[in-house]
Amino acid sequence: KVKKVLKHSISPMTFEERKDGAAEDGEGDLMVTARRDRRLSRASVKFFQVETSMRNFSIGSARDGGLVDSEGKVRDEYILQRQSVNRPTKLKKIPLLCDLTTSGQITHVDGWVFAMLLVSGFAKMSSKTNELNTINVFPIADGDTGANMKVCLKLPVRNLLLKPNDNIMTASREMAADVLLNGQGNSGTILSHFFVELAEAVREVNKSDMSVDEFTSCLIKAGVAMDSSVPNPVQGTLVSVCREALVGLEKQRPFATLDVLLKAMHKSCQIELAKTPDQLIVDGVKVLEKAGVVDSGAQGFAYLAEGMYLASIGELPNVEPQLFHTATLTTSDDSPPISVDHTVCDSKYRYCTEAVVMLKEGVTPNVVFDSVQKAASQEGIGDSSVFVKGFDMVKIHMHTNDPDQLFDILQPFNRDPILKKEKVEDMLDMRESMHGDETLDLADAKFTIMGLCSYVLPKITYDLDELHTLPIFAVPSTTQEPIDMRFVSDEDVCVLLNQQRHKDTAIRYTTAAPNPMQLKIEILAALTKGKPLLVFLFSADKRISATGRNTMVAIDMLEDDQKKLVKVFVHGWTFYEQPFLTEAIKFAEGGKSIDEAIEACKEIGDHCFSFSNFVTSSSVRKLMAWRPGMFPEGFTVEDNSFIAFGLPVTTRDVVMPLAERVGKLMTVQNKAMSMVDLQHAEIARVKDNLKPDEKLSKVIVQTIGRIDIGHKFLQKMKDANVPMMDDVELSVCNAGIFSVVVSAWGEMSAVYVVKKV
């Protein structure tokens, strides 16, 4: 077996090593000479390859403990662990499982060839993420096609490298299960359908490696099956381009070598992609032609094929491990600026909603799909439905105004008390964030701002590149490798939150403060604008906040002329920093001084600030274990209950000392047995607390995964006639990775600023 696949598969080296450490013999076998005498780490992919090549068992055997067992059933304990943003084995280098530049000599496709094809395709598509987001206009211009397709493939492709498998049936099957869990959005869910169908076609061939022409047949079958992903397939989209491009390969068969197939597939995708502006018609309008673009999802699929082809001719740039890392700075792609009309399509539904169902015994996927489609067509709960079935899982995507309606339909078919995965995104906010006119302009501001900016501010409202965020790190117990929370995407947060929803995949997270030198570097970067810097801290007391303590040390390390430019405002209200940041931003945009901003923020912190924090009993216990000193002695909480902590929602005449503020954060205001009842109780409390001459001037809601719950809360406040200023500032956003550390899916907080009238 090893001798058979050695020609194109087993080569324990990296892309970098190939350039200076390998030579080819007469038959094209890659002979590794670089660093041959180095002892291999038992945690490395190279060690795994070398060791398994010398053993007489299949890498894809049942003993591998993979995501899918030998009967094709999904192993529960691995369903979400495979999605972890930090595996104990992190990719240091990309292993060269197969040299695609020799594709003219490759006549068979096994699991390692399959893996390198996907690595190459993903690398090209990922480099075009921004372009794909920009040209996204159908079914709504929410600017997330590139991000969704990247999320769909990022972890599944990485998993193929972390756990290489020479059996194409096993590799494609586990890839399919991974994309089914990771695929999100219209394009990501449809793309996951393709890989599920491809795995099914590979299974039917029933070979550990197959000829290139047999693999072509599998691609064609997957293309034919694309129409089944949506109830009403539309021409000029990812569905039709994938179908026609792959079906078009039939006329060119047989394919003897991989290079010929990759060239043909790339050309076929380009031909079908060019047709999309003329094909996609909505209400009689050729929307892509009017917008001046091709279909974004179809373009993403074409980039996958292009990446594979470029790798085969040696024109794909080296793939770096950073491609699969989490919490790294986003770099722009190499695409030129594109002018796009993003107003050609609209949707009457607000939330892009998805769920993964683990089917009960005896429940078929079609029963689930029929129930969802009936509710969509007869009750009008949503549109843009996409269905993917694989193994004993089904995935459903829908645009809806009430995600709970979809989740309630699905739950009876699920074998567990909660759905395996949920996702809710606000498409209207995303479209406004991507294409709206409102931008933060601090070019003429008289001072610069630093604080918890990217953790607590709505990205739709503020261009966070104009603000500076204190670096804070999340540390998962599985790896003990700090994650810089500034650079964790919303998609990664959703993955982690879903992981934390299940006991068998939840892990413990702690936070780590930046050291003084890290903070000094950030402060110096902020000072390069040549303006005074306003730094927000909730505490400078070393007993309460290590970040605050180290920030003060970092400031003390500055030169005297630099120190004079830095002013610190300590508000005392822990992570509820939104009202102070938004007030400072307003003053900065208005050309006010740093002292005027501090005075306004002090007024809020001393007299006008209040909040409600809606949490589950399980989160309270987690917080009690993490920060026991924040709770009064003897504090207890009832199982399966919901608690609202908070402050009286009214102005305060007496200034509360900073040292006492943290102790007030765990003041219980209401308890209930459901989140809905708790929200109603808190709204009643807010109305009751407000004096006749007081109104709310700001309400900032942060949700944990379920942004729709935040919007419902604001609407309930309006329906209850809670007194608000005419120009009240209302905002809702999802919390970042902080929520993974101390919160749970479906929780929320609301910060209030009270003003006298």
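So, how was this worked out
Residues numbered from 1 in each chain as written. Predicted model: local features only at pLDDT ≥ 70, side-chain atom pairs only at ≥ 80, totals over all residues. Heavy atoms only, no water. Pairing = 2+ DSSP bridges. Helix = DSSP H or I, 4+ residues; strand = E, 2+ residues; numbered from the N terminus. Polar contact = N/O pair within 3.5 Å; in protein donor to acceptor, adjacent residues only side chain to side chain. Contact = heavy atoms within 4.5 Å. Core = buried A, V, L, I, M, F, W, Y, C linked by side-chain atoms within 4.5 Å. Buried < 20%, exposed > 50% of the residue type's maximum accessible area, 1.4 Å probe, protein only. Patch = residues over 30% accessible without salt bridge, like charges linked within 9 Å, V, L, I, M, F, W, Y side chains within 5 Å. Areas by Shrake-Rupley, 256 points an atom, 1.4 Å probe, with all protein chains shown as cover. Salt bridge = Lys/Arg side-chain N within 4 Å of Asp/Glu carboxyl O. Axes fitted to C-alpha atoms, helices over the stretch in contact; angles between N-to-C directions. Left-handed = near helix turned anticlockwise from the far one by under 90°. Nonpolar A, V, L, I, M, F, W, Y, C, P; charged D, E, K, R; others polar. Expected span 1.5 Å × (residues − 1). Bend = angle between axes of the 7 residues up to and from the residue. Phe/Tyr/Trp six-rings, centres within 6.5 Å; stacked < 30°, edge-to-face > 60°. Parallel < 35°, antiparallel > 145°, perpendicular 65-115°, else oblique.

## A few points about the pairing of strand 8 (residues 382-390)
Here strand 8 runs beside strand 9 (residues 393-400); their pairing, made up of 7 bridges, is antiparallel. When the bridges of strand 9 are listed, Lys389 appears paired with Val394. The turn joining strand 8 and strand 9, which pair antiparallel and follow one another in sequence, is formed by 2 residues; a positive phi near 60° is taken by Phe391.

## Quick word on the side chain of Ser641
Looking at the secondary structure, you find Ser641 in the loop between helix 24 (617-626) and strand 19 (642-646). Within polar-contact distance, the side chain of Ser641 engages the backbone oxygen of Glu638 at 2.6 Å. Each residue touching Ser641, except ones within four places of it in the same chain, is listed here: Val615, Thr616, Ser617, Ala672 and Met673.

## Some words on the sheet that holds strand 13 (residues 473-476)
What links the strands of a sheet is backbone hydrogen bonding, and the strands pair in either a parallel or an antiparallel sense. Read from one edge of the open sheet, 3 strands run 14-13-15, paired in antiparallel fashion. Two strands bound the open sheet, and with one partner strand each, they are strand 14 (483-484) and strand 15 (509-512). Pairing of strand 13 with strand 14, which is carried by 2 bridges, proceeds in the antiparallel orientation. When the sheet's bridge partners are listed, Phe473 is paired in strand 14 with Asp484.

## As for unusual backbone geometry
Here Arg253 and Pro254 are connected by a cis peptide whose omega angle stands at 5°. Examined against the element boundaries, Pro254 turns out to sit in the loop between helix 10 (238-247) and helix 11 (258-279). Non-glycine residue Thr574 carries a positive phi angle of around 45°. Among the secondary structure elements, Thr574 is positioned in the loop between strand 17 (566-570) and helix 22 (578-589). The backbone of Asn721 shows a phi angle near 60°, a positive value even though the residue is not glycine.

## A short note on the nonpolar core
Most often, soluble globular proteins keep nonpolar side chains buried together rather than apart. With 80 residues, the main nonpolar core has Leu153, Phe194 and Leu258 as its most contacted residues. Tallying contributions element by element places helix 4 (residues 111-127) first for this core, with 11 residues. Setting aside residues no more than four positions away along its own chain, Leu153 makes contact with Phe122, Met125, Arg158, Met175, Val179, Leu191, Phe195 and Leu304. Core analysis: the next-biggest nonpolar cluster, separate from the first, contains 64 residues, Ile507, Trp573, Phe645 and Val751 among them.

## Things to note about a nonpolar patch on the surface
Residues Met517, Ile521, Val553 and Met557 make up a contiguous nonpolar surface patch of roughly 330 Å² in combined accessible area. With respect to the helices and strands, the residue Ile521 is situated in helix 19 (residues 516-527).

## Overview of the packing of helix 6 (residues 145-162) against helix 7 (residues 168-182)
Geometrically, a packed helix pair is captured by the angle between its two axes and the distance between the axes. Contact pair helix 6 / helix 7: the axes reach a minimum separation of 8 Å and the direction vectors enclose 150°. In this structure, the crossing between helix 6 and helix 7 has a hand that is right-handed. In this structure, helix 6 contributes Val151, Cys152, Leu153, Leu155, Pro156, Val157, Asn159 and Leu160 to the contact, and helix 7 contributes Ala171, Met175, Asp178, Val179 and Asn182. The residue makeup of the contact of helix 6 with helix 7, split by class, is 10 nonpolar, 2 polar and 1 charged.

## Some remarks on the sheet that holds strand 23 (residues 748-756)
Judged by pairing direction, the sheet is mixed, and its 6 strands sit side by side in the order 20-19-18-23-21-22 without closing on themselves. Edge strands, defined here as strands with exactly one partner in the open sheet, are strand 20 (668-672) and strand 22 (724-734). Sheet twist, expressed as the average angle between the axes of neighbouring strands with direction ignored, equals 15°. Sheet topology places strand 18 (residues 609-616) next to strand 23; 6 bridges connect them, and they run antiparallel. The residue bridging Phe614 from the neighbouring strand is Met748, located in strand 23. Along the sheet, helix 26 (residues 675-689) contacts strand 18, strand 19, strand 20, strand 21 (694-703) and strand 23; its crossing angle with strand 20, the most-contacted strand, is approximately 145°.

## Let's talk about helix 6
Between its terminal C-alpha atoms helix 6 stretches 26 Å, which fits the 26 Å expected from 18 residues at 1.5 Å a residue. At Lys154, helix 6 is bent by approximately 25°, the largest bend along its length, and proline Pro156 sits one to four residues beyond. For helix 6, the tally of buried residues reaches 17 of 18 residues, placing the bulk of the element in the interior.

## Regarding the environment of Thr616
Along the chain, the position of Thr616 falls in strand 18. Given the relative accessible area of 14%, Thr616 is considered buried. Along the backbone, Thr616 and Met748 are 132 residues apart, and their C-alpha atoms lie at a distance of 10.0 Å. Apart from residues no more than four positions distant in its own chain, Thr616 is found in contact with Ser641, Phe642, Ile643, Ala744 and Glu747.

## So, the pattern of salt bridges
Enumeration according to the criterion identifies 34 salt bridges in this entry. With a shortest N-O distance of 3.8 Å, Glu306 and Lys124 are connected by a salt bridge. With Glu306 in helix 13 (residues 296-312) and Lys124 in helix 4, the pair connects residues that are 182 residues apart, well separated along the chain. Comparing Glu306 with Lys124 shows no difference in burial state: the two are buried.

## A short note on the packing of aromatic side chains
In the structure shown here, the tally under the stated rule is 13 aromatic pairs. Ring centres of Phe194 and Phe195 lie 5.0 Å apart, and the angle between their planes is 75°; on these two criteria the pair is classed as edge-to-face. Assigned by exposure class, Phe194 and Phe195 land together as buried. Geometrically, the ring pair formed by Phe635 and Phe645 is tilted, given 6.3 Å between the ring centres and 40° between the ring planes. Taken as a pair, Phe635 in the loop between helix 24 and strand 19 and Phe645 in strand 19 lie far apart in primary sequence, 10 residues in all. Exposure remark for Phe635: the relative accessible area of 17% places this residue in the buried category. On the basis of relative accessibility, which here comes to 2%, the residue Phe645 falls in the buried class. In this structure an aromatic cluster arises from ring pairing among Phe536, Phe569, Trp573, Tyr576, Phe580, Phe609 and Phe611.

## Quick word on the packing of helix 11 against helix 13
With their axes 9 Å apart at the nearest point, helix 11 and helix 13 run at an angle of 155° to one another. Put simply, helix 11 runs roughly antiparallel to helix 13. Crossing handedness for the pair helix 11 and helix 13: left-handed. Contact residues: Leu262, Lys263, Met265, His266, Cys269, Gln270, Leu273 and Thr276 in helix 11; Ala298, Gln299, Phe301, Ala302, Ala305, Glu306, Met308, Tyr309 and Ser312 in helix 13.

## Details of the side chain of Asn167
Its location among the elements puts Asn167 in the loop between helix 6 and helix 7. What makes Asn167 buried here is its relative accessible area of 11%. One polar contact links the side chain of Asn167 to the main-chain amide nitrogen of Met169, over a distance of 2.9 Å.

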